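Remarks on the overall topology
Listed below, chain by chain, are the residues.
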Amino acid sequence: LELIPNLTVGRSWDAADGPIDLGVWGGPPWSEIVRPALDLRYGLTPDVGLTSTVNPDFSQVEADTADVRLNARFAFQFPERRPFFLDGVDAYQDPRGTLYTRSSGNPLYGVKVTGREQRTSVGVVHALDRSPLGSFHEDGAPGMVSDAWASATFARFRVDAFEAGQIGLVLADKRILQRPDGPPVEDQPTYDGVGLDATIPVGGRWVVAGNAQQSAVSTLTEGLYGLAGGASVSRASGVGTGVQAGIDSTSPAFRQELGFLNYSGYLRGWGGVDHTFTEVAGIDTLTPSVDVSS
């Protein structure tokens, strides 16, 4: 068991507020910051751990690299840098990218359970967010606004199967809550998602994979219910020929309010071929490839 208390204390001053008196604490134009926090780590088993944080301060986290785009149609997506969300992040990844942790901006608290027991790996995270980002989708989603609080929960389970393959389950939930100092949230918006995926070796270097997910975004007066699915087949090249082909589709109403899905209602296909040669004209390895997508 580890308990790690933190305390951030600060004073700030804006020159536009007038002259400053260094000998006065708390009076104008000073602005005071006192932010206590507590981190907890506990080993549930030798390979499964619980991590929790209350009122975390991420001000010391490395800043994002400036990203400038002209005529950007969609929101910027940034890599996760905060230790609480970054630790054990592989356990929270699935084929459809259901969780984008940066959608949680300023959690009041967060709880994670991460680890592996025998053939099963688990990643569960829950956070109460004081500054959630709104829907990334270009058409938005009912009630998914950023001027309230949000309760967000994500769970990912994977079981080793088919010798070198696996079966996965994804559960996602987001609920918009009233801010303590804000107006009532009357429409009670919620998002729920559930998905299954599998990766199956079929002999030699061939692998077949597939996934399916259902979403529901609803309020007291309206709702969106969508489906998404995909399948692929691949042959690892190693030395010789490699093949990749797949298809992916989403219905127009499909949403991922914990992820970074910014458009839906599409059908997409892709394929590629590569071949690895060894010891060609003095070159140890040469792998030409051709890829197509639509």
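Everything that follows concerns the structure shown earlier in this document.
Residues numbered from 1 in each chain as written. Predicted model: local features only at pLDDT ≥ 70, side-chain atom pairs only at ≥ 80, totals over all residues. Heavy atoms only, no water.

1. Quick look at the overall build of the chain
What the chain contains, in helices and strands, is one helix and 15 strands. Per-residue burial for the chain yields a buried fraction of 34% across its 294 residues. Surface exposure of the chain reaches about 16700 Å², of which carbon and sulfur atoms provide 58%. Taken as two groups, the 22 positive and 35 negative side-chain charges of the chain have centres that lie 3 Å from each other. (Helix = DSSP H or I, 4+ residues; strand = E, 2+ residues; numbered from the N terminus. Buried < 20%, exposed > 50% of the residue type's maximum accessible area, 1.4 Å probe, protein only. Areas by Shrake-Rupley, 256 points an atom, 1.4 Å probe, with all protein chains shown as cover. Lys, Arg positive; Asp, Glu negative; His and termini not counted. Charge placed at Lys NZ, Arg CZ, Asp CG, Glu CD.)

2. A look at the pairing of strand S6 (residues 149–161)
In this structure, strand S5 (residues 120–129) lies alongside S6, joined through 10 bridges in antiparallel fashion. Note that in S6 the partner of Ala-127 across the bridge is Ala-152. Judged from the 13 bridges that link them, S6 and strand S7 (residues 165–177) form a sheet pairing that is antiparallel. Following the sheet pairing, Phe-157 is matched in S7 by Leu-169. In this antiparallel pair of consecutive strands, S6 and S7, the connection spans three residues, and Phe-162 shows a positive phi of 55°. (Pairing = 2+ DSSP bridges.)

3. As for the packing of aromatic side chains
Considering all chains together, one arrives at eight aromatic pairs under this definition. Relative to Phe-85, the ring of Phe-84 lies with its centre 5.1 Å away and its plane at 80°, an arrangement referred to as edge-to-face. Taking relative accessible area as the criterion, Phe-85 reaches 6% and is therefore assigned buried. With 4.5 Å between their ring centres and 50° between their planes, Phe-136 and Phe-260 make a pair best called tilted. (Phe/Tyr/Trp six-rings, centres within 6.5 Å; stacked < 30°, edge-to-face > 60°.)

4. Quick word on unusual backbone geometry
A positive phi angle is found at Asn-55, which is not glycine, with a value near 50°. At Glu-163, a position not held by glycine, the phi torsion is positive, near 65°. Tracing the sequence through the fold places Glu-163 in the loop between S6 and S7. When its relative accessible area of 85% is taken as the criterion, Glu-163 is described as exposed.

5. Points about the pattern of salt bridges
Applying the stated rule across the entire model yields nine salt bridges. A salt bridge links Arg-268 to Asp-248, with the shortest nitrogen-to-oxygen separation between them at 3.4 Å. One end of the pair, Arg-268, is in strand S12 (residues 266–275); the other, Asp-248, is in strand S11 (residues 241–250), and 20 residues separate them in sequence. Residue classification places Asp-248 among the buried residues on the basis of a relative accessible area of 8%. (Salt bridge = Lys/Arg side-chain N within 4 Å of Asp/Glu carboxyl O.)

6. Describing a nonpolar patch on the surface
A cluster of nonpolar side chains, Leu-1, Leu-3, Leu-38, Tyr-42, Leu-44 and Val-54, forms an exposed patch at the surface whose accessible area comes to about 580 Å². Counting residues per element, the nonpolar patch draws most heavily on strand S2 (residues 31–45), which supplies three residues. (Patch = residues over 30% accessible without salt bridge, like charges linked within 9 Å, V, L, I, M, F, W, Y side chains within 5 Å.)

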